[in-house]
Amino acid sequence: VEQNDVVAGPTFPSTVLAGNPGTVWSADFDPSGDRIAAAIENGSVRLWDVEAKKVLRSFEAHQGIVWMIKYHPTRPMVATCGSDGAVKLWDSQSLELLQQWDAEGTVRKIAFAPDGRRIVAGDQSGVFAPTGARLAAVGWGETVHIWDAATGLEERRLVGGKGDNWSVAFCSEGAHAVVAAQDGTGRIFNLDNGTLVATLTGHEGTVHNVTLNAAKHRVATSSRDG
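Thresholds applied
Residues numbered from 1 in each chain as written. Predicted model: local features only at pLDDT ≥ 70, side-chain atom pairs only at ≥ 80, totals over all residues. Heavy atoms only, no water. Core = buried A, V, L, I, M, F, W, Y, C linked by side-chain atoms within 4.5 Å. Buried < 20%, exposed > 50% of the residue type's maximum accessible area, 1.4 Å probe, protein only. Contact = heavy atoms within 4.5 Å. Pairing = 2+ DSSP bridges. Helix = DSSP H or I, 4+ residues; strand = E, 2+ residues; numbered from the N terminus. Axes fitted to C-alpha atoms, helices over the stretch in contact; angles between N-to-C directions.

A. Examining the nonpolar core more closely. Ranked by size, the top nonpolar core spans 14 residues in total, and within it Val 127, Ala 136, Val 144, Val 168, Phe 170, Val 179 and Leu 191 carry the most contacts. Apart from residues lying up to four places away in sequence, Val 179 is in contact with Val 138, Val 144, Asn 165, Ser 167, Val 168, Thr 185, Gly 186, Arg 187 and Phe 189.

Below, the structure written as structure tokens:
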């Protein structure tokens, strides 16, 4: 294989969690890496057991689309946002609503700071690197923006998949990022030199969200194909 060749991982996707009631707009691993919470267009959230491929529980989270779901980095909490303009913080065990913030319009993306003390909300995807040193954002078009979180200065621009990019996630040390693209791929970039490391394939529609779990060496992608 030539050095510049793009290779799809031979084990991707290793697990398919199918049959969700509509488009899955976002998914996130719980801290154990054994469960995934999925945000769905009918306003519900589904908690999946990854190995058993079984739905453990489901609850109504928002009026309209649930655009994104993210687990708190250190505490048993999970945050959601939706087309009803709300950002909600839930107890990840009891699913009790702990806190709610109301925005003026649809909130499509949220991200916790690595220390868990702040949450960023926006109309398109923006995330903290796990070290807290970098911010990344994607939107309409193929450009991925990487900023220094302390200074706000742009470090690098990358070219994602064909069409619009929908989401971006960092690996544990913040040196790599995975981008969800309209062309049905997830693309892994080395942020130190800007190179494309690998392309993940398997979906038949736009990939709306990517999330990573370092402990299990897993990447999860969610798509319009359900």
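B. View of the sheet that holds strand β18 (residues 196-200). The strand order across the open sheet built from four strands is β15-β16-β17-β18, with neighbouring strands paired in antiparallel fashion. Each end of this open sheet is capped by a strand with a single partner; those strands are β15 (165-170) and β18. Ignoring strand direction, the axes of neighbouring strands in this sheet form an average angle of 20°. Examined bridge by bridge, strand β17 (residues 186-190) and β18 share four bridges and lie antiparallel to one another. Residue pairing in the sheet places Phe 189 in a bridge with Leu 196 of β18.

C. Examining the pairing of β15 more closely. For β15, the buried fraction is high: six of the six residues fall into the buried class. Judged from the five bridges that link them, β15 and strand β16 (residues 176-181) form a sheet pairing that is antiparallel. Within β16, the position partnered with Val 168 by the bridge is Val 179. Hairpin remark: β15 followed by β16, antiparallel, with five residues in the connecting loop; positive phi at Gly 174, about 80°.

Functional significance is not addressed by these values, which are geometric in nature.
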